[in-house]
Amino acid sequence: MSTHVSGRVVMRQKWRSLLFLHWPVDPQAVQPLLPSGLEVECFNNLAYVGLVCFTMRGIRPLGCPAVRGLSAFHETNVRTYVRYQNRDPGVWFFSLDAANRLAVRLARKWFHLPYYDARMFLEREHSSAVGETSSILYSAVRRWPGFDRASYQIRAQPTGPIAPARPETLDHFLIERYRLYAKTPRALCSGMVRHPPYLVQVAEVPLLEESLIAAAGLRRPPVPPIAHYSGGVDVDVFRLQHVG
C-alpha cells in the first residue's frame, strides 16, 4: 500500500476510469476560498486546481454488503491542494458532483463535504482504427442544491505507457493524495484514504467544455490541462477526525 494510516476503516470503494485534469493558478486566487487553518500548497510557486472525473463501484460500509442503488455511481470533484500548519498535505474540495441523490445527502451529512446531485454519463467510445486507443466521454449537469446548472462535457483519450507517478515530480504532487479536509459547523476535520499508487498514463483531451471551476469561484486558465488517466484503485476510507 502507498502509505501507513492509523485509525478505523469505515468504508470500502473501488474507483475506476479516473481522468485527472489540472491547471496552474495564482495561489492568491485560491487562498481566500479556503477555511481558516488551511493554506494553499504550491509546486514551484504555483497552486493547482483539479477537475477529476471517475466512476465508483463496490461502495459499502466496512463489514456490510453493498446496498443496491448506493454502491455504484459516477462522481466528479473540483479540488485544490493544501496543508495544515505547514504539514499534513491534503485535498480541499470545492465541489463533488455525484449521480446518486441519496448518496449526496448522506455524504453532506456524515462527511461534511460539498456534494451536489448531478445527472452524469461515462461512455467508452471504441475506435474502428486498428491499434488506436478508445476514448472516453465524460459529461454531467448539476441538479441540486442550487440552480447554477454547472456542467461539463469532456472527451479524453489515454495514450502512452502506464506507470506510477515518480516521487517529487509534479505528476506525483497532483495525483498521489491520501488526505482530505472538511469543515463542519464546529471544527476542521481530516480524513484519510488508503490505496496502491495509481498506475497512470498521459491523456489527450480533444473536447473540453466545463463550468464547474467557475462555479467554485475560480478562473480556469486558457491553457490545455495537464491530463492523466488511470484505470483505477481499490480504496479503504477512514473516519473523519478533528484537526488540532
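Residues numbered from 1 in each chain as written. Predicted model: local features only at pLDDT ≥ 70, side-chain atom pairs only at ≥ 80, totals over all residues. Heavy atoms only, no water.

## Some points on the overall build of the protein chain
Thinking step 1. When helices and strands are counted, the protein chain shows four helices and 13 strands.
Thinking step 2. Taken over C-alpha atoms, the radius of gyration comes to 17 Å for the protein chain, in line with the 18 Å a tight globule of 244 residues would show.
Thinking step 3. Counting all 244 residues of the protein chain, 49% fall into the buried class.
Thinking step 4. Sequence-distant contacts in the protein chain: of pairs separated by 6 or more residues, those separated by 24 or more amount to 69%.
Thinking step 5. As displayed, the protein chain has an accessible area near 12,300 Å², and 52% of this comes from carbon and sulfur atoms.
Thinking step 6. When the 29 basic and 19 acidic side-chain charges of the protein chain are each reduced to a single mean position, those positions are 10 Å apart. (Helix = DSSP H or I, 4+ residues; strand = E, 2+ residues; numbered from the N terminus. Rg over C-alpha atoms; globule rule 2.2 N^0.38 Å. Buried < 20%, exposed > 50% of the residue type's maximum accessible area, 1.4 Å probe, protein only. Contact = heavy atoms within 4.5 Å. Areas by Shrake-Rupley, 256 points an atom, 1.4 Å probe, with all protein chains shown as cover. Lys, Arg positive; Asp, Glu negative; His and termini not counted. Charge placed at Lys NZ, Arg CZ, Asp CG, Glu CD.)

## Concerning the pairing of strand E8 (residues 151-158)
Thinking step 1. Pairing between strand E7 (residues 135-144) and E8: six bridges, direction antiparallel. Looking across to E8, one finds that alanine 140 is bridged to tyrosine 152.
Thinking step 2. Inspection of the sheet shows E8 paired to strand E11 (residues 200-210) by six bridges, in the antiparallel sense. Within E11, the residue paired with arginine 155 across the bridge is leucine 207. (Pairing = 2+ DSSP bridges.)

## Remarks on the pattern of salt bridges
Thinking step 1. All told, the structure shown has twelve salt bridges when counted by the stated rule.
Thinking step 2. With a closest N to O distance of 3.3 Å, arginine 101 and aspartate 117 form a salt bridge. Taken together, the positions of arginine 101 in helix H2 (residues 101-110) and aspartate 117 in strand E6 (residues 115-125) put the pair 16 residues apart, joining distant regions of the chain.
Thinking step 3. Residue aspartate 117 is classed as buried on the basis of its relative accessible area, which comes to 1%.
Thinking step 4. Salt bridges linked by common partners bring Arg12, Arg194 and Asp236 together as one network. (Salt bridge = Lys/Arg side-chain N within 4 Å of Asp/Glu carboxyl O.)

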